[in-house]
Amino acid sequence: MGGDPLKPSLFELVAQEQLRDLLQPALKYVLAVFAQRYPRYLIRIVNRHEDFYAMIMFFVERHYLHKHNASFAENFYGLKRRRHARIPTERATAAVGGVPAGEKLRSREIWRSLFFLVAIPYLRAKAHDYHEQLGGGISSDILEDGGDNRHIQALTDNTLAGRWRRAYEKIFPWVNTSFEVWLLAYNTAYLFERTPFYRPWLAWIGVDLRRLGADDFLMTSGVQGAVPEAKRGIVKQVYRLLMTAPRLILDSLKLLLPTAIFFIKFLEWWYSPGSPARSLSSSPLGPAVPPPRMLPPHLAGIPVDSTMFGHCPLCQNPINNATALPSGYVFCYRCAFDHVEQHGKCPVTLLPTKVWQLRKVLV
């Protein structure tokens, strides 16, 4: 990357973007799982997940921007935001040493960064949800055949609000695609060193992204290893602990996040039907109930040759589009449908059967 060891590669930047995009669905999945056990307390949070996630990320990103000069995902990948100097100061920095004080983010850069880290993703998620509520991506034929009447009314209303909804449904995909193409163009320009910013709004914020250097780690270790003050009273120590607890929790997210992801994936494997752990424990309800036996053929029904496996008992040909009846016998779909529609019973066992009881066999 042009001989600059602290300039992050495009792959690092894309990786931290993907991590940021995965946080919201991961949190929503965890809340949905716990909401099934405690619906009284969590169902409202799950229904308003975007608002809840934006509120949490506002405090998380604000803490990391203040303390680490980076967002949570950027700090997780060893990156930081640096105030972009109009005049390069690499030589001066090399001569003085350490991290220049001018690189630390000011209040203006922090609030601008919060706007693009929290507000813009929140607004995009709301816009996407509104587009889906209007039936975005669903053909009009599906809506007319059996879709939601609210969608049909929203798309056929001739009022000003109805025209706005129809215009929004058509314009939103183009605007969203244009936005993604714009970001792709900046990624390509950054890859070929045509711009120091991999996102267009970083120039407006006045920051660029850098890797954490040795001076950054030395400064962080120096702050963490500072000598504590003289012993205080128990009340003051408890008060200090309560005041620093939120910051300690936010700083520990870098360790808690991969641990939580591993724990969730382990639970998914442990409780999956194919997990070997299932064979280590016996069910408290006893052994599994075996499936019911197939009904024997009726004397007045059509005969079934057990040696003709894979052949339809009605047409005597190889089964085409296998379909099972409630009696357990399998026929061609066309043969079974025509017979049940005409006679209303299984041709082998004479068990009363309806057309809606036909089940296709997927093999």
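Up top you'll find the structure we're talking about.
Residues numbered from 1 in each chain as written. Predicted model: local features only at pLDDT ≥ 70, side-chain atom pairs only at ≥ 80, totals over all residues. Heavy atoms only, no water.

Visitor: So what's going on with the pattern of salt bridges? Which residues, and what values?
Guide: Summed over the entire model, instances satisfying the criterion amount to 14 salt bridges. The residue Glu 74 makes a salt bridge to Arg 81 at a minimum N-O spacing of 3.0 Å. Among the ionic pairs, Arg 334 bridges to Asp 338, the shortest N-O distance being 3.3 Å. One end of the pair, Arg 334, and the other, Asp 338, are both in helix H14 (residues 333–343), four residues apart, so they sit about a helical turn from each other. By sharing partners, the salt bridges in this structure join Glu 17, Arg 20, Glu 74, Arg 81 and Arg 199 into a single network. (Salt bridge = Lys/Arg side-chain N within 4 Å of Asp/Glu carboxyl O. Helix = DSSP H or I, 4+ residues; strand = E, 2+ residues; numbered from the N terminus.)

Visitor: Please provide a residue-by-residue account of the sheet that holds strand S4 (residues 330–332), values included.
Guide: Read across the open sheet, the three strands follow the order S4-S3-S5; overall the sheet is antiparallel. If you trace the sheet from one side to the other, it starts and ends with S4 and strand S5 (359–360), each paired once. Pairing of strand S3 (residues 322–324) with S4, which is carried by three bridges, proceeds in the antiparallel orientation. Bridge assignment links Ala 324 to a residue of S4, and that residue is Val 330. Along the sheet face, H14 touches S3, S4 and S5 and points at about 100° away from the line of S4. (Pairing = 2+ DSSP bridges. Contact = heavy atoms within 4.5 Å. Axes fitted to C-alpha atoms, helices over the stretch in contact; angles between N-to-C directions.)

Visitor: Could you give me a rundown of the packing of helix H1 (residues 10–37) against helix H2 (residues 39–47), with the residues and numbers involved?
Guide: Two elements in contact, H1 and H2, have axes separated by 7 Å at closest approach and are oriented at 150°. Handedness of the H1/H2 crossing: left-handed. For the pair formed by H1 and H2, the contact residues are Leu 31, Ala 32, Phe 34, Ala 35, Gln 36 and Arg 37 on the first element and Pro 39, Leu 42, Ile 45 and Val 46 on the second. Its residues placed into classes, the contact of H1 with H2 shows eight nonpolar, one polar and one charged. (Left-handed = near helix turned anticlockwise from the far one by under 90°. Nonpolar A, V, L, I, M, F, W, Y, C, P; charged D, E, K, R; others polar.)

Visitor: Run through the side chain of Glu 109, naming residues and quoting values.
Guide: Topologically, Glu 109 is positioned in helix H6 (residues 107–133). A relative accessible area of 2% places Glu 109 in the buried class. Polar side-chain contacts of Glu 109 include one of 3.0 Å to the backbone nitrogen of Arg 106. When neighbours within four sequence positions are excluded, Glu 109 is seen to be in contact with Arg 83, Ile 205 and Val 207. (Buried < 20%, exposed > 50% of the residue type's maximum accessible area, 1.4 Å probe, protein only. Polar contact = N/O pair within 3.5 Å; in protein donor to acceptor, adjacent residues only side chain to side chain.)

Visitor: Give a detailed account of unusual backbone geometry, specifying residues and quantitative values.
Guide: Of note in the backbone geometry, Asn 69 takes a positive phi value of approximately 55° without being a glycine. Residue position: Asn 69 is located in the loop between helix H3 (49–68) and helix H4 (72–76). The backbone of Leu 350 shows a phi angle near 60°, a positive value even though the residue is not glycine.

Visitor: Would you mind going over the packing of aromatic side chains in detail, with residue names and values included?
Guide: Counting across every chain of the model gives 16 aromatic pairs. Note on Phe 58 and Trp 111: the rings are 6.0 Å apart at their centroids and 40° apart in plane angle, and the pair reads as tilted. Residue Phe 58 is found in helix H3, and its partner Trp 111 is found in helix H6; the two are separated by 53 residues along the sequence. For Trp 111, a relative accessible area of 47% gives the class partly exposed. Feature note: the residues Phe 115, Phe 116, Phe 179, Trp 182, Tyr 186, Trp 201 and Trp 204 constitute an aromatic cluster, connected by ring pairs. Above the ring of Tyr 190, the side-chain terminus of Lys 7 is found at 4.9 Å from the ring centroid. (Phe/Tyr/Trp six-rings, centres within 6.5 Å; stacked < 30°, edge-to-face > 60°. Lys NZ or Arg CZ within 6 Å of the ring centre and 35° of its normal.)

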